[in-house]
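Survey of secondary and tertiary structure
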Amino acid sequence: MAALLGLGINAPALARRYEGYDFDEKLQLGGSSLTLNGVGMRAVAVLKGYLAALYLGRSASTPAAVYATPGPKRIRIRMLLDVGTEEFVKAIAKGVRRNCSEAEQAALPDKIEQFNTQLRAVAKVRSKDLIDMDYLPDQGTLISLNGKVIGAAITGPEFYLALLKVFLGERPVDKRLKAGLLGAASD
């Protein structure tokens, strides 16, 4: 029996390995248990920028199902290179323009400015840094760098929906990343 336990037979998976990094299969956020929905990589040609993981209260294989999932959510980004945060500011702005309706965008300027101010205060993220973009229904969107919250919560659900659309919308930042976040087989 001890030999079987030592081999880990029937042991539950605690993390999913992707591109040499582990992503927890489950985590706690805002009093809820979240499960890894999917993981993928943002890359341009041979340049690998970051890995991203999506955590939800229940699995979802379509953008509409992700958007409709109630409760806390997390997008976790593992940086693979050093980047000035201004690049994130530009990418989010472009993603929102490409994936949100005019009415949705009209509700976002103050929230986007708050997000941009928080990111600009960091100035630069480095390879192996972890960025968490969490949605807590009673607070809003919280941004963390390596476990430390950056700034105040961005209130309301509309900003987090816009963030999700940057990754999962009709014109996402990266189609392979979108597929990975939606649980398509990877690595």
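Residues numbered from 1 in each chain as written. Predicted model: local features only at pLDDT ≥ 70, side-chain atom pairs only at ≥ 80, totals over all residues. Heavy atoms only, no water.

**Some words on a positive patch on the surface**
Taken together, the side chains of Lys94, Arg97, Arg98, Arg171 and Lys175 make up a positively charged region of the molecular surface. When residues of the positive patch are assigned to their parent elements, the largest contribution, 3 residues, is made by helix H3 (residues 85-99). Considering the arrangement of structural elements, one finds Arg97 in helix H3. By relative accessible area, which is 54% here, Arg97 ends up exposed. (Patch = residues over 30% accessible without salt bridge, like charges linked within 9 Å, V, L, I, M, F, W, Y side chains within 5 Å. Areas by Shrake-Rupley, 256 points an atom, 1.4 Å probe, with all protein chains shown as cover. Salt bridge = Lys/Arg side-chain N within 4 Å of Asp/Glu carboxyl O. Lys, Arg positive; Asp, Glu negative; His and termini not counted. Charge placed at Lys NZ, Arg CZ, Asp CG, Glu CD. Helix = DSSP H or I, 4+ residues; strand = E, 2+ residues; numbered from the N terminus. Buried < 20%, exposed > 50% of the residue type's maximum accessible area, 1.4 Å probe, protein only.)

**What to know about unusual backbone geometry**
Positive phi, close to 50°, is recorded for Glu19, a residue that is not glycine. Of note, Glu19 is situated in the loop between strand S1 (15-18) and strand S2 (21-24). Overall, Glu19 belongs to the partly exposed group, its relative accessible area being 30%. Phi is positive for Ala123, close to 75°, though the residue is something other than glycine. Following the sequence through the fold, Ala123 ends up in the loop between helix H5 (109-122) and strand S8 (124-125). For Ala123, a relative accessible area of 48% puts it in the partly exposed group.

**Focus: the packing of aromatic side chains**
The way to describe two aromatic rings as a pair is by their centre distance and the angle between their planes. Taken as a whole and assessed by the stated rule, the structure comprises 3 aromatic pairs. Seen from their ring centres, Phe115 and Phe159 are 5.2 Å apart, and the 50° between their planes marks the pair as tilted. A residue pair is termed long-range when its members are at least 10 positions apart, and Phe115 in helix H5 and Phe159 in helix H6 (residues 158-168) qualify at 44 residues. Overall, the relative accessible area of 2% leaves Phe115 in the buried class. Residues Tyr135 and Tyr160 carry aromatic rings whose centres are separated by 5.6 Å and whose planes lie at 35° to one another, so their mutual orientation is tilted. With a gap of 25 residues between them, Tyr135 in strand S9 (residues 130-136) and Tyr160 in helix H6 connect regions that are remote in the sequence. Grouping residues by exposure puts Tyr135 and Tyr160 together as buried. (Phe/Tyr/Trp six-rings, centres within 6.5 Å; stacked < 30°, edge-to-face > 60°.)

**Description of the sheet that holds S9**
Sheet strands associate in pairs through backbone hydrogen bonding, adopting either a parallel or an antiparallel arrangement. An order of S3-S4-S5-S6-S9-S10-S11 is seen for the 7 strands of this open sheet, with the pairing classed as antiparallel. Looking at which strands have only one partner, the edges of the open sheet turn out to be strand S3 (26-29) and strand S11 (148-154). Each neighbouring strand pair of the sheet contributes to a mean axis angle of 25°, computed without reference to strand direction. Of the strand pairs in this sheet, S9 and strand S10 (residues 140-145) are connected by 6 bridges, and their pairing is antiparallel. (Pairing = 2+ DSSP bridges. Axes fitted to C-alpha atoms, helices over the stretch in contact; angles between N-to-C directions.)

**Thoughts on the packing of H3 against H6**
It is at 8 Å that the axes of H3 and H6 come closest, and there the two elements cross at 90°. The angle between H3 and H6 falls in the class roughly perpendicular. Judged by residue contacts, Ala91, Ile92, Gly95, Val96 and Asn99 of H3 engage Ala162, Leu163, Lys165 and Val166 from H6. When the residues that make up the contact of H3 with H6 are grouped by side-chain class, the tally is 6 nonpolar, 2 polar and 1 charged. (Parallel < 35°, antiparallel > 145°, perpendicular 65-115°, else oblique. Contact = heavy atoms within 4.5 Å. Nonpolar A, V, L, I, M, F, W, Y, C, P; charged D, E, K, R; others polar.)

**A few points about the pattern of salt bridges**
All told, the structure shown has 12 salt bridges when counted by the stated rule. As a salt-bridge pair, Glu104 and Lys165 come within 2.6 Å of each other at their nearest N and O atoms. You can see Glu104 sitting in helix H4 (residues 102-106) and its partner Lys165 sitting in helix H6, a full 61 residues away along the chain. Judged by relative accessible area, Glu104 falls into the partly exposed class, the value being 26%. We classify Lys165 as buried; its relative accessible area is 13%. Across the pair Lys111 and Glu158 runs a salt bridge whose closest N-O atoms are separated by 3.2 Å. In this pair, Lys111 is assigned in helix H5 and Glu158 in helix H6, connecting sequence segments 47 residues apart.

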